[in-house]
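Given next are the chains, with one letter for each unit.
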Amino acid sequence: MNQKNTDISKTGLNLKLKAIKYCEFASEETNCYTANLYVDEKVFAIVSNDGIGGCDNTYKHPKCKLLRVEHSNKISEINEKLGTIRTAPSKFIPKGLKFDLELWCGEQVTKFLIDKEFKNLLKTKTIIIDGGKCYTIARKWDNNEKFINKLEKQYKGCLILNTLSFEEGVEKYIKYAT
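This section reports on the structure supplied with the text. Note that the structure is a prediction, hence the values are computed from the model and not measured.

## Things to note about the sheet that holds strand S5 (residues 126-130)
Strand order in the open sheet formed by three strands is S6-S5-S7, with antiparallel pairing between adjacent strands. Either end of the sheet is taken by a strand with one partner, and the two such strands are strand S6 (133-137) and strand S7 (159-160). The sheet contact formed by S5 and S6 spans five bridges and is antiparallel. Looking at the pairing, Ile129 lines up with Cys134 of S6.

Structure (structure tokens):
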């Protein structure tokens, strides 16, 4: 679960994926989802994947005021700017992949799913990192000194993710929950 999103800040792009709807039962080969893509804080496209292994679909959002050709050109421009980034090299792709809108959307959906999972765990469990591994304790988190002291005594040297900010907690959760 070692998910670190690609930094696109050097491209000058301002992209956001909002209103993500994910369908677990239909996600076979890829994530089945639909979402709204915003460019420069304006709704731009509907991005989706049917979950059976194909590419993402990108359609002009009905509220986008661009003409079809302008929309198509903007997608090309986005992919050109994202293409200046390469993914991390791997054994099978030693030079990494040229980054694009589809890879970026995939990262955003994965981040959405991890964040959602972590939020749900925070509501129902106590999450600790002990000995470099992430564990959940069936007991619901209780933010009082007595409960925290008991945990720290029982799991000496552990890190309690429930005590961290959401951003710090999810970062540690991604790093240690494999």
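## Points about the pattern of salt bridges
A full pass over the atoms with the stated rule returns four salt bridges. Lys81 is paired through a salt bridge with Glu77; the nearest N and O atoms lie 3.5 Å apart. On the criterion of helical spacing, the pair formed by Lys81 and Glu77 is a turn pair, its members being four residues apart in helix H1 (residues 68-82). On the basis of relative accessibility, which here comes to 33%, the residue Glu77 falls in the partly exposed class. We note a salt bridge from Lys111 to Asp115, for which the minimum N-O separation is 2.7 Å. With Lys111 and Asp115 both in helix H2 (residues 101-124) and four residues apart, this pair spans about one turn of that helix. One connected set of salt bridges, linked through shared partners, spans Lys74, Glu77 and Lys81.

## Brief notes about the sheet that holds strand S4 (residues 57-60)
Sheet architecture is open: four strands sit in the order S1-S2-S3-S4, paired in antiparallel fashion. On the outer flanks of this sheet lie strand S1 (15-22) and S4, each paired with one strand and no other. Sheet twist, expressed as the average angle between the axes of neighbouring strands with direction ignored, equals 25 degrees. Note that S1 and strand S2 (residues 32-39) share six bridges and pair antiparallel. By the bridge assignment, Tyr22 is partnered in S2 with Tyr33. Contacts between H1 and the sheet are confined to S1, S2, strand S3 (42-50) and S4, with S3 contributing the most and set at about 75 degrees to the helix. Along the sheet, H2 makes contact with S1, S2 and S3, crossing S1 at roughly 55 degrees.

## Let's talk about the nonpolar core
Core analysis: the biggest nonpolar cluster contains 22 residues, and Leu15, Leu37, Leu82 and Trp104 have the highest contact counts within it. Those elements giving two or more residues to this core turn out to be S1, S2, S3, H1 and H2. Excluding its chain neighbours within four sequence positions, the residues that come into contact with Leu15 are Ile8, Leu37, Tyr38, Val39, Ile78, Leu82, Leu101 and Trp104. Ranked by size, the runner-up nonpolar core spans eleven residues in total, among them Phe118, Ile127, Leu161 and Tyr173.

Here is what the cut-offs are and how they apply
- Residues numbered from 1 in each chain as written.
- Predicted model: local features only at pLDDT ≥ 70, side-chain atom pairs only at ≥ 80, totals over all residues.
- Heavy atoms only, no water.
- Pairing = 2+ DSSP bridges.
- Helix = DSSP H or I, 4+ residues; strand = E, 2+ residues; numbered from the N terminus.
- Salt bridge = Lys/Arg side-chain N within 4 Å of Asp/Glu carboxyl O.
- Buried < 20%, exposed > 50% of the residue type's maximum accessible area, 1.4 Å probe, protein only.
- Axes fitted to C-alpha atoms, helices over the stretch in contact; angles between N-to-C directions.
- Contact = heavy atoms within 4.5 Å.
- Core = buried A, V, L, I, M, F, W, Y, C linked by side-chain atoms within 4.5 Å.

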